[in-house]
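Structural overview
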Amino acid sequence: MGLRDIASTLAQVPALLMVKKTLKPRPYTDKDCFGLQVEANAIRFGERIAIVFEGRSVTWAQFNALANRYANHLAGLGVARGDVVSLVMENRIEFLAVTVALNKLGATAGFINTNLRGKPLTHCIAVTESRKCVFGEELAPALAEVKADLSLTEGEDYLFVPDAGQAAPNWASDLAEDSAAASPENPPTTINNALGDTAMYLFTSGTTGMPKAAVLSNRRFLASAAMSHKAGLKCTEKDRLYMCLPLYHGTGILIGCGAAFHSGASMFIRRKFSASSFLSDVREHQTTCFVYIGELCRYLLNTPEAPDDHDNPLLHMIGNGLRPDVWMPFKKRFGIKRITEFYGSSEGNVAFANLLNKDETVGMTASEVALVAYDVDADTIVKDEAGRCVRVKPGEPGLLLGQINEEAAFEGYTNPDATESKILRNAFEDGDAWFNTGDLLREVDAGFTLGYPHYQFVDRVGDTFRWKSENVSTNEVGEIINGFEGVQFCNVYGVEVPGADGRAGMAALVLEAGLEALDAEAFSRHVAGELPPYARPLFLRVQSDIDVTGTFKMLKGDLKQEGYDLSRVAEPLYVMKPGSTAYERLDAGFADRIKSGQAGY
């Protein structure tokens, strides 16, 4: 613990005290919402730029007026407090204007993943009992495919927002055209919105089953926005945020847009992320803050390096999922001064944030939390003789639980059964209730932290497997594999091996551009030198690309099912045989020995 560490930490105290005061939970009955913040920005910073997008820009006054026209027109169509309106649109100014309009009316926005088609898309609109559906021109074909399966009325309940200049389909009205003559004045409803009102539904992006709609109140939105603004990015109206995450995702809308609504900072918005355009965008638009997801940083780190990469206006960044193997190289290469990594979920009641600017940690929390022992192989929480959860020792990975109380309510999902399934009752004493995050975290030594324990994300429970009586973290193995110069990305998961307990590691690899084949000899030396025997993947699969969700989470479901089955996988497969430290191509003969349980694992 050096003097520099202590001085750096103490410098964060004013912001920490400010955010502590700001985040003190207010009664759900208090009147407030982010629609009011936009109205305040239109007065305080009316002539300042609010959003820059694809060659267009709008000031805060213009943006507020656009949201008002949408809101007043929607009110004329009967949209009122408590109604749900689905929003299916790519990142653009209109997405945010509709979102603010609905908030001003006290209605709930149902944010739909723009990658959804067919039954999942139908499910997301239907499960929230949406009265209307606002969609972008770019998503019209997707809606056309499912509208027959929805209870919405054609010509009335579908509202089209133009993009490339095509006309609205005959089954939808044109929101832009129809609202053009509506009043640009603030609607009278905004001041009546309460913190307890549901601001939006954010759908979970799990890789199995139908998406679940997580409930997000005005109170949680404003709390997240305040944290991001005051203690994370520390931005003012003079800053500009680089926004390339999907705005239907919590990190994009709460942490990014929320910080802008709260501070008056402007936003540069990209329709979709582009690694090759990142630095040129940053420099051209003078963005000072970056809202990230960890995999984006890995993509950026894999772009060709230039000696002047650090010569850019970026200073602060906030997001989640930045792994330790990427953290310091990214920070150094791009000249970042502050990384506010946070941990949380759309539906959860607990959040961590790296407010003291410590490296490689998700920081601290004001919530009451517990890390408890978890049996990965049995996929169950370890209980003592009395049937209570067992807290792990500092430094040991444990399943994160967040206590549910008045100050940390679990708002859950629209489905009551899904909500109850995430609650662990009587965990430590009769009558208590805890939110089960499904994530493994551990307490770490972060130096001088003012007495606040700091934590590090380890893995999703489903992304951890047990092999040779040892728990193996897929993320930690992935970090080692990504350190091999011939690998661009990897996806690590566990697969069953007949006759062996637990699950063996398997890694799907994407090679660096220009490489035609894996250098198995060099890769074997890397893995053997960096990983203990139990953590070394026994199987490799070389792919041309890795499938991810719209929020850049790697998909593992199909990979796990296909495993190392030569009849289902046409791509190159490699195996590390028992007693060996080298990978070789998997052939039919040895594959048959594995299937019969005679391979010796």
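Throughout, residues of each chain are indexed from 1 in the direction in which the sequence is written. Where totals are concerned, whole chains, interfaces and linings use all residues; where local detail is concerned, this predicted model gives features only for residues with pLDDT of at least 70, and gives and counts side-chain atom pairs only at 80 or more. By convention in this description, side-chain values take in all heavy atoms of the structure and omit both hydrogens and water.

1. A closer look at the overall build of the protein
Put simply, DSSP H or I for four residues or longer makes a helix, DSSP E for two residues or longer makes a strand, and each gets a number counted from the N terminus. Within the protein one finds 18 helices and 29 strands. By its C-alpha atoms, the protein is 75 × 60 × 60 Å across when sized along the principal axes. The rule is simple: take the accessible area with a 1.4 Å probe, protein chains only, and divide by the maximum for that residue type; under 20% is buried, over 50% is exposed, in between is partly exposed. Classification of the 601 residues of the protein by burial places 57% in the buried group. Relative to all contacts within the protein whose residues are 6 or more apart in sequence, the contacts with residues 24 or more apart total 69%. Between two residues, a contact is recorded if the distance between any of their heavy atoms is within 4.5 Å.

2. Looking at the sheet that holds strand β4 (residues 108-111)
One open sheet accounts for seven strands, arranged β7-β6-β5-β3-β4-β8-β9; its pairing is mixed. Edge positions in the open sheet fall to β7 (173-174) and β9 (213-217), since each of these has one partner strand only. For helices, the axis comes from a line fit to the C-alpha atoms of the stretch in contact; other axes are also lines fit to C-alpha atoms, and the angle between any two N-to-C directions lies between 0 and 180 degrees. The strands that helix α9 (residues 218-233) touches are β8 (198-203) and β9; relative to β9, the one it contacts most, it runs at about 75°. We call two strands paired when DSSP finds no fewer than two bridges between them.

3. A word on helix α18 (residues 588-595)
Taken as a whole, α18 has its buried residues at Phe-590, Ala-591 and Ile-594. Buried residues along α18 cover an arc of 105° about the axis, so they all sit on one side. Buried-residue contacts for α18 involve β27 (539-543) and β28 (573-576). Backbone geometry just after α18 places Gly-597 at a positive phi near 80°. What the arc describes is the spread of directions from the helix axis to the C-beta atoms.

4. Observations regarding the pattern of salt bridges
One side-chain nitrogen of Lys or Arg within 4 Å of one carboxyl oxygen of Asp or Glu is enough to make a salt bridge. Under the criterion given, the structure shown has 29 salt bridges. A salt bridge links Asp-197 to Arg-81; its shortest N-O distance comes to 3.3 Å. On the criterion of sequence distance, the pair formed by Asp-197 in the loop between α8 (175-179) and β8 and Arg-81 in the loop between α4 (60-76) and β3 (84-88) is long-range, its members being 116 residues apart. On the accessibility criterion, Arg-81 (38% relative accessible area) is partly exposed.

5. Regarding the packing of aromatic side chains
Any two of the Phe, Tyr and Trp rings considered here, Trp counted by its six-membered ring, make a pair once their centres fall within 6.5 Å; the pair's planes then place it as stacked at under 30 degrees, edge-to-face at over 60, or tilted in between. As enumerated under the stated definition, the model contains 28 aromatic pairs in all. Cluster of aromatic residues (ring-pair linked, three or more members): Tyr-242, Phe-268, Phe-278, Phe-290, Tyr-292, Phe-330 and Phe-334. Positioned above the aromatic ring of Phe-428 is the side chain of Arg-391, whose terminal nitrogen or guanidinium carbon lies 4.3 Å from the ring centre. Its end group placed over the ring of Tyr-574, Arg-585 keeps NZ or CZ at 5.5 Å from the ring centre. Ring-over charges, as used throughout, are those where CZ of Arg or NZ of Lys falls within 6 Å of the ring centre and within 35 degrees of the ring normal.

6. Some words on the packing of α4 against helix α5 (residues 93-105)
For the pair α4 and α5, interaxial distance at closest approach is 8 Å and the crossing angle is 55°. With respect to α5, the element α4 is oriented oblique. In this structure, α4 meets α5 at a crossing whose hand is right-handed. Along its contact with α4, which presents Phe-63, Asn-64, Leu-66, Ala-67, Asn-68, Tyr-70, Ala-71, Leu-74 and Ala-75, the element α5 presents Ile-93, Glu-94, Leu-96, Ala-97, Val-98, Val-100, Ala-101, Leu-102, Lys-104 and Leu-105. Oblique is the label for any angle not covered by the other classes, which are roughly parallel (under 35 degrees), roughly antiparallel (over 145) and roughly perpendicular (65 to 115). By definition, any crossing whose near helix is turned counterclockwise from its far helix by less than a right angle is left-handed, and any crossing with a clockwise turn is right-handed.

7. Observations regarding the nonpolar core
Throughout this description, the term nonpolar core refers to a set of buried Ala, Val, Leu, Ile, Met, Phe, Trp, Tyr and Cys residues connected via side-chain atoms within 4.5 Å. The biggest cluster of nonpolar side chains holds 93 residues, and the ones touching the most others in it are Phe-63, Met-200 and Phe-290. Broken down by element, this core gets its largest block of residues, nine residues, from α5. What Phe-63 contacts, discounting residues up to four positions off in sequence, is Val-38, Ala-50, Ile-51, Val-58, Ile-93, Leu-96, Ala-97, Val-100 and Phe-261. Counting 44 residues, the second-largest nonpolar core is a separate cluster that includes Phe-465, Tyr-493, Met-576 and Phe-590.

8. Quick word on the state of the cysteines
Criterion for a disulfide: a pair of cysteine sulfur atoms within 2.5 Å. According to the stated counting rule, one finds zero disulfides in the structure shown. In this structure Cys-133 is not part of a disulfide, and its nearest cysteine sulfur, from Cys-124, lies 11 Å away.

9. Comments concerning empty space enclosed by the protein
Only protein atoms enter the 1 Å grid used here. Points where a 1.4 Å probe fits but cannot escape make up a cavity, open sets with protein on both sides within 12 Å along at least five of seven lines make up a pocket, and a residue lines them when an atom lies within 4 Å of a point. Grid points are joined across faces, edges and corners, and a volume is the space filled by probe spheres set on the points. The full count for this structure, using the stated rule, is one cavity of 30 Å³ or more. For the largest cavity, the calculated volume is near 30 Å³. In terms of lining residues, the largest cavity is bounded by Asn-103, Gly-106, Ala-107, Asn-193, Asp-197, Thr-198 and Asn-218. Residue composition of the lining of the largest cavity, by class: one nonpolar, five polar and one charged. Nonpolar residues are Ala, Val, Leu, Ile, Met, Phe, Trp, Tyr, Cys and Pro. Charged residues are Asp, Glu, Lys and Arg, and all others, Gly as well, are polar.

10. Regarding the pairing of β4
Burial of β4 is two-sided: the residues Thr-108 and Gly-110 facing one way and the residues Ala-109 and Phe-111 facing the other way are all buried. Two strands pair when backbone bridges link them, and β3 and β4 are joined in this way by four bridges, in the parallel orientation. When the sheet's bridge partners are listed, Leu-87 is paired in β4 with Phe-111. Orienting the strands away from the viewer, one traces the path from the first strand over the helix to the second; a clockwise path indicates a right-handed crossover. Remark: the β3/α5/β4 crossover connection has right-handed handedness. One ladder, built from three bridges, connects β4 with β8; its direction is parallel. Considered in β8, the bridge of Phe-111 is made with Leu-202.

11. Side note on the packing of helix α3 (residues 34-44) against α5
Between α3 and α5, whose axes approach to 8 Å, the crossing angle comes to 115°. By the angle between their directions, the pair α3 and α5 is classed as roughly perpendicular. Together, Phe-34, Gly-35, Val-38 and Glu-39 of α3 and Thr-99, Val-100, Asn-103 and Lys-104 of α5 make up the contact between the two elements. Its residues assigned to classes, the contact of α3 with α5 shows three nonpolar, three polar and two charged.

12. Quick look at the environment of Val-58
Here Val-58 lies in strand β2 (residues 56-59). When the C-alpha atoms of Val-58 and Lys-238 are compared, they prove to be 15 Å apart, with 180 residues separating the residues in sequence. Not counting residues up to four positions away in its chain, the partners in contact with Val-58 are Ile-49, Ala-50, Ile-51, Phe-63 and Ile-93.

13. Side note on the sheet that holds strand β15 (residues 352-353)
Whenever strands of a sheet pair, they do so through backbone hydrogen bonds, lying parallel or antiparallel. Read across the open sheet, the eight strands follow the order β2-β1-β11-β10-β12-β13-β14-β15; overall the sheet is mixed. On the outer flanks of this sheet lie β2 and β15, each paired with one strand and no other. Against the sheet, α9 engages β10 (240-243), β12 (289-293), β13 (316-320), β14 (338-343) and β15, with an angle of about 130° to β13.

14. Regarding the side chain of His-316
With respect to the secondary-structure elements, His-316 resides in strand β13. Residue class for His-316 comes out buried when judged on its relative accessible area of 19%. By the criterion applied in these results, polar contacts are pairs of N or O atoms within 3.5 Å in which, for protein atoms, one can donate a hydrogen and the other can accept it, and in which residues neighboring in sequence qualify only through two side-chain atoms. There is a polar contact of 2.6 Å between the side chain of His-316 and the backbone oxygen of Leu-233. With residues up to four places along the chain from it excluded, the contact list for His-316 reads Leu-233, Lys-234, Thr-288, Cys-289, Phe-290 and Arg-338.

15. Some points on the environment of Ala-513
With respect to the helices, strands and loops of the structure, Ala-513 is situated in the loop between β26 (503-511) and α16 (520-530). Using a relative accessible area of 76% as the deciding quantity, one classes Ala-513 as exposed. Linking Ala-513 and Leu-66, residues 447 residues apart in sequence, is a C-alpha distance of 45 Å.

16. As for unusual backbone geometry
With a phi angle near 55°, Gln-286 is a residue other than glycine that sits in the positive phi range. Following the sequence through the fold, Gln-286 ends up in the loop between α11 (278-285) and β12. On the basis of relative accessible area, Gln-286 is assigned to the partly exposed category, the value being 49%.

All quantities given are derived from atomic positions and should not be read as evidence of function.
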